Each structure stands twice: as structure tokens, then as C-alpha cells.
Amino acid sequence: MSQYTPMIQQYLRVKADYQDAFLFFRLGDFYEMFFEDALKASQILEITLTSRDGGSAERIPMCGVPYHSAKGYIERLIAAGHKVAICEQREDPKQAKGVIKREVVQVITPGTMMEGAGIQEKENHYLAAIENAGGQYAVAAADVTTGECKAAVFAAFDAAVHELAAYGVKEVITNGSWTEQDIKQIRARLGAVISVEEIAEESPFDRLLFNLTDGLTRKASARLYHYLHRTQKRSLDHLQPAEPYEIRDYMNIDYFSKRNLELTETIRSKGKKGSLLWLLDETKTAMGGRLLKQWIDRPLLNESDISRRLDIVETFMVSFFEREELREQLKEVYDLERLAGRVAFGSVNARDLVQLKKSLGQIPMLASLLKQMNGAELPKLADSLDPCTELFEELERALIEEPPISVKEGGMIREGFHMQLDEYRDAAKNGKQWIAELERKEREKTGIKSLKIGYNRIFGYYIEVTKANLSLLPEGRYERKQTLANCERFITPELKEKETLILEANDKMMELEYELFTQLREDVKQFIPRLQNLARTVSEVDVLQCFAAVSEARRFVRPSFSADGRMHIQEGRHPVVEKVMDAQGFVPNDCRMEKGRNMLLITGPNMSGKSTYMRQTALIAILAQIGCFVPADKAVLPIFDQIFTRIGAADDLVSGQSTFMVEMLEAKHAIANATGRSLILFDEIGRGTSTYDGMALAQAMIEYIHSSIGAKTLFSTHYHELTVLDKSLGHMQNVHVTAAEQDGKVVFLHKVKDGAADKSYGIHVAQLAGLPDAVIKRADELLHSFENQEKPKADPEPVLAREGQLSFFEEKPEPAETPKPPKKADSAILARLLSYDIMEMTPMEAMNTLYALQKEAKK
Ligand code: ADP
Ligand code: MG
């Protein structure tokens, strides 16, 4: 250490505390990085790597970014999953003795970003702490930009991870003692950064913890707050007390199913466009947009809560004109939640506060509009809209309508708000008038018409006389200050004296304005909880008007709920597919499920609409339970406690699992957790393996769900053999999606009807496609012989007992026609194969191992 210069020593001391972050070390107008940080950052940011003498024998690698453009670079590092510690100079370099005092003022991390490209208007930005004790898991999640904090307990690690995924957390905080395996899972599933916070003491955060009664959620929340405090190093007054919630109060849709149903993003593009959220998002405020996403993530279970929302939507539906006006007004409401966050962070400017004022100004009108509409609920909502009148009035008195962005250069505060400020302003203004007057007088006195008084930052005010006129200037009073090419500049004692007064007034004016602004910001801080309450109500109104707008535009109807589990959907539609197709005409379908037909086995040719039909059923259930109308002519629905799906989706590339493994994982998840009140969608399950395996698994699952779970189930299959099961299973019913022939072409009618599909349909299509008659005839023959040989047995046991894919490992005699010379390598490969503990491998590892073995065997 001692070999380094004092500054590098200081750097190293600071860096030791921030090992996991890039240290942005302020040196004058730059943030510099040294050593490893410089090597890595220069690559990621594509900036020049230089070096610097630091006292040691070797030069120290260094790179830097200008202070004024640091924001973009920081965002890029964060987006790449890194952290940045900002280390500022904490004393005036002119006054420092020795090395300037420096200190880290904030650590910016993926989960604690407040603004920038990574923050989406209509999306929350969560980080979470996860805690574990006695087989239970707690998750505490916070959005630093809005101040929301929530916490819940989970009975299994898997469930907790599903919840973290639902939040879309960018960063997960642990106590540092988690196993490599668990961390790996969190990372793989969420793509989140893992951070460690060792302290989880509750006492400093009583204000935020009082709602939590459970020890584990308290601990998780406290750990989260400690982390925020340690990294942000400032008041976080906008953090709201952590709200406990019970997952069993909401419809549970696991991570797989959310993705499969494309609730908030599509599977393919991972974008919002094409998702249910995209269809629904007619919100007018950023806050409403975020709440909508939260509601979609957590449909309700309590019928009266659902009905309350539906009642309001209904009122909005029938009040067309008021609703349109409401929408116009909502547009003018600024993001109050994030504004409150920035007030607490100390990063608002006068423009933000003017926006706040304008938003508050909308509130009384919003409230009176709500009261104009009928219905019992709207007046209540109107009454809970707190316009924060005192704050509105103070902001109105204090700030001009269009203040500058900078808060340090004055020009923000209205005249008449503060006497002293007005006096300074007068002095500055009068001073300027005095100068103009002096110019006039000097011209008169000297007779120099071109004489003028100017100002620059180095010399202050001066009298400027062109060289040609110099002779006209009397001796004595004029002191020469500066000589230019064709003029000279002078000052006089009286000009100097006035200058001091004017400049002082200017300085004082700006200083005082800044002070007044800071005071104003402090005053706004007192209103943060009220602003947050207001934000909550406004966003609720926004989402509900959005439901009404969408329901009207897309001809949705109000659902009703059945107590006996009956589901009758008349002319139901898939809202997103319908919207995308628009003019071409989506074919609506009924869906009737009740005692005696709790399971529908769906058959029909490819592309006929099986998957669409299943998805639309789930979407209708979800829409109803978030309190929105539904795309149907009529809908009577049970309240589902959970929805499970297995719908043909892309490989789970993130965690490196094969399609079939994912399929089985999702199926297992459904079967292990579903109840009689759940909805299960299994779309062509078993497709990822050989025919026999697949069919056996499919049948076994149908039987199990039928007899042991009793969940409402839509099960599509390409195994026509399964359609006979309706004879043995009392609650199963066959339905099929129809297709027809028209002018020699197959036409998909997309209409769902009772009964099984015509099984020779594939051959029929082939015939229509014009395959030679001989081929068609042979296919027909083969089909008949297959059917006669391989009727599926009602009891799947014998098939399952063959152990599915494991038969791969059975030794098989080599076919006689192609004898291969034995290879020496074979026994070595076999030995290695036997040495693996397959149960301990991840599917990806298994895949890689298999690949390596095969490669060797091919040699
Ligand atoms: P399957 O699962 O039977 O192969 P899909 O559900 O994937 O069929 O539907 C295939 C395509 O058919 C969809 O992309 C959609 O364009 C169209 N389609 C599906 N259902 C309908 C419907 N009810 N009305 C109109 N078009 C539909
Ligand atoms: Mg399909």
C-alpha cells in the first residue's frame, strides 16, 4: 500500500468497502476508475483505457467519464447487471490540505435505479429480499421509485421464486448464507442480480414494519431497508410501511402459466404488444398503468371485492360523456408516486413541482365528475380523493408557471412570495436601470455617441470607447482596464461601487431562491403520505375507467358467478386474437363445464383453434376475477382459486431445460397443487416424447385429475385414441373443433362442438392436398391396422411400468445386418456413463454430458 501515492491509497481504502461495484472516483470534472475496474469498464463502456503514475513501479490502468455525461455510462453499467458506487469530493479543493476528502454518496444498483432508460413509466421496478427459516420463505419487495413495499410468506422455495418472478425483480437481497444451488436457481429464473446484506435488525425501521406481524416477513423487510439505507445513504421518507398480503387471498397463477397465457408479455418477443396487458391498457396515467399490471398479476378471489369493481366499471360504462371527460382529465395527472419518491430523494426540480401543482389542480374536478355519475361506489372514491389543498395553494403562490430546469440559477419563485427576494430583485433591476442612465449621462458628458457600458465575467461592468474617440475622453476619472483591437475599456469609481451592489444582489437572489426552493421541497415532503394515498385512488379510478373503455370498445359483458362451480360461457372470444384479426371475423365459441362434464377432451386438426379455445377460457376467467367485463355474449363462471397451464411453448432457454422436461415440470406443478376449484389447461401434453410414452402419460394424467383432483380441465390432444375415455370417465366429455371442405380445400371453421373429431381427418386433408391415390389408399389401410392392434388400455400401468425414456439405457442386441466392429473406447464410455449420478444433474448438464459421450463414441 505504502508504495502508492496518497490519493491512490485513499482510492484503495474506499474501494475495499465496495468490492462488488464499479467505483466512480471523482477527480475534478471526471469520474475516474482504476485497476480492475478500469480494465472492465473500458471494455463494457467502450472508452479509452489509459494509465497513470500512482507511485508504484507499474503504471495504474485508468479510464474515466466526464462528470456531466456520467448518467448514460452509469445506466449502461446497471443495464449490464453491475453496480456503481459514486465517490464524490467532499471539500473544496482550494481549501484542502493534502488529499481532498472523498466519500461514497450513493451506490446505484439494478434494483435501486430511480430514473433513466431502465425505468419504464408504466412498470414497477422492484427489488426484493428473501428470507428463510424453518422451511418457510418470506419475500419482501419494494419499488424504490414509488415507495411501495409488500411482504408475504411462502411454504416452499419454489413458490417464493415464482413470486419473485411475478414481481420481475431486478435484484434479490439475501443474508449471504444461501447455497450455491439456490442462488443459481434464483439467478437463472429471474436474471436478477444477487446482493448481500448482513444486517436485519428491526429497530431502526419501526415506522415501516408496524403492519407486519410475522417474524420472517419482518426480517426480510428489515434486511431490505438496511440494504437501501446502506446503499442510498439518504432519507427514504417516501418508503411506505410494508404491506403484508396472503397469497391465498388471490387467484394463484404460477410463473409458467402467466407466461403461457401471455398475460403481460408475449412468449416470442417478450414484449407487451400482443399480451392481455396490451389489450387492456387504456389507462391514462403512469400510476394506473402500473396498477393494471399488478391487478392482472393478482386476480381476486373474494366475490364481493370483484363485484365492487364490476359495479364501478358498469357505472363508467353507462356514463359515456362523463367517462370521456374523466379520461381527458386523468391525462393531466402527473406520476404522483414517482414524484413523491424523487422529492424524498432530493432530486425534484421546480418544473416537477409545477407539474405536481397542476395535477393537484385536477383533483377537485375529478372528484366532482365521479359524483355526477350514479352508483354507490363512486361517491366514496370521490371522497377519498384528497386534493391536498394547502400544498396546492403554497405551490401556486411560490412558483412561476414555467420555471427553468436548474434550481441554482434563480427565476423559479413568483414575485410577492418573499419580501427579501423581491428586494434583491428590485436592487438588481434598479441597478440595471441605473447603468442605462449612467450610459446616457456619460455620452452626454463626453459627447461620444458610441460610448457604451458592457459587462463580462472577468472585468465586471466597463465603459467602452472606440480608439477613434479616445481623445474625447477627459483625464482623471477613467481608469483603463482592458485594451482591445479597436477600443479601450474603462471603469470609474462610481461604476465600481454600483457593480458590487448589483452583483451582490444577483448572488443573494439566486442563493435565496435556492433556499426557498429547498424549503418548498421540505414542505412537499410532509405531504408524501397524502400524495401516495391520492395516487392510490387516482390509479384505481384510472384502471376502472380503462376496464370500462375496453369493455365498451370490444363489446365485453359483465360476468356473473355461480356458487355450484358451473361455467357457462356463451359465444366466448379470445380478446387478443380477436383484436389482432379484427375484420376477418373471429368465431365465438360456447364453453359449458359442469357436473358430468368437468373435463373437456378437445380434438381437431392442427390449426383448427384448440389452443386458442383453451386460452380464451382462462383469459375470460382472469378478466372476470380482476373485475373487468369479459369477451362473450354471456358468462356465468365459478371463482377459480388457481389456473394451471401446460401450453406448447418455446424451450425454457434461460434455465437450459428441454421442452419435454419443462412440460413435465409444468404438469407436475399443476397436478401437485390443483384443487377442485382450479382450472387446468393441458395442451397436447406428451407431444415432446415418443407416441407411446406421450399417450400413456396423457391418459394417466387425465385419469388422475378426473378421479383425484376434480379440477375443471381442458385437455387437447392429438391422440384420438384417448377419446374413448369418455366411456369410463363420468365427468369427461369429448369436444372437437370443426373443419370442412370447400372447393377442394380445407376450411377451418373454428367452431367447437360436442363429440370427438373425425379421426381420419388427417388422411382426408392429405387427399385434398392432392397426394397420389395410391398413397392415400395405403395410409387408410395402415390406419386401420394400427387401430386394430393398438387400442389403449384403460389402465395405463403396464405402459408406464416400462419406465418411459429409461428404456434408452437398456442393452439391445445389435441388428444382425449391420455388424459393427467393437471399439476399445466403448467400455471406457460405458464406465463413464455408469459413473454419473443422473438424479444430481440439471437437465442442461445431462444434455451436455450426453453430447460429449456421443461425440466420443463417434470418433
Ligand atoms: P390449434 O391449437 O388447434 O393448432 P390454434 O388455436 O393455434 O390451433 O389456432 C390456429 C389459428 O387459427 C390461430 O392463430 C388463429 O389465427 C386461428 N383461430 C383460432 N381460433 C379461431 C377462432 N375461434 N376464430 C377465428 N380464428 C381462429
Ligand atoms: Mg395448439
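Since we're looking at a predicted model, the values are computed, not measured. (Residues numbered from 1 in each chain as written. Chains lettered and ligands numbered in written order. Predicted model: local features only at pLDDT ≥ 70, side-chain atom pairs only at ≥ 80, totals over all residues. Heavy atoms only, no water.)

(A) Here's a closer look at the sheet that holds strand β16 (residues 479–483). Pairing is antiparallel in the open sheet, where 4 strands are placed in the order β14-β15-β17-β16. The open sheet has two free edges, formed respectively by β14 (452–456) and β16, since each of these has just one partner strand. The average angle at which neighbouring strand axes cross in this sheet is 40°, direction not considered. Of the strand pairs in this sheet, strand β15 (residues 460–466) and strand β17 (residues 487–491) are connected by 4 bridges, and their pairing is antiparallel. (Pairing = 2+ DSSP bridges. Helix = DSSP H or I, 4+ residues; strand = E, 2+ residues; numbered from the N terminus. Axes fitted to C-alpha atoms, helices over the stretch in contact; angles between N-to-C directions.)

(B) Quick look at the confidence of the model for the protein chain. For the protein chain, the mean per-residue pLDDT works out to 88, and 93% of the residues sit at or above 70. Confidence over residues 649–656 falls short of pLDDT 50; this stretch has 16 contacts with residues more than four positions distant or in other chains. (pLDDT = per-residue confidence, 0-100. Contact = heavy atoms within 4.5 Å.)

(C) Summary view of the site of ligand 1. Neighbouring ligand 1 are the residues Met581, Phe586, Val587, Pro605, Asn606, Met607, Ser608, Gly609, Lys610, Ser611, Thr612 and His750. Taking Ser611, its side chain carries an N or O atom lying 2.8 Å from an oxygen atom of ligand 1. Protein burial of ligand 1: of its 550 Å² of free accessible surface, 77% is covered by the chains. A per-element tally of the shell around ligand 1 places helix α21 (residues 610–625) first, with 3 residues. (Near = heavy atom within 4 Å. Polar contact = N/O pair within 3.5 Å; in protein donor to acceptor, adjacent residues only side chain to side chain. Areas by Shrake-Rupley, 256 points an atom, 1.4 Å probe, with all protein chains shown as cover.)

(D) The arrangement of the packing of helix α13 (residues 336–345) against helix α19 (residues 528–553) in detail. Closest axis-to-axis distance for the α13/α19 pair is 8 Å, and the angle between their directions is 160°. Classified by the angle their axes make, α13 and α19 are roughly antiparallel. Helix-helix and strand crossings are classified by hand; for α13 and α19 the assignment is left-handed. Residues Leu336, Glu337, Ala340, Val343 and Ala344 of α13 touch α19, and the partners they reach there are Ile528, Leu531, Gln532, Leu534 and Ala535. Considered class by class, the residues forming the contact of α13 with α19 number 8 nonpolar, 1 polar and 1 charged. (Parallel < 35°, antiparallel > 145°, perpendicular 65-115°, else oblique. Left-handed = near helix turned anticlockwise from the far one by under 90°. Nonpolar A, V, L, I, M, F, W, Y, C, P; charged D, E, K, R; others polar.)

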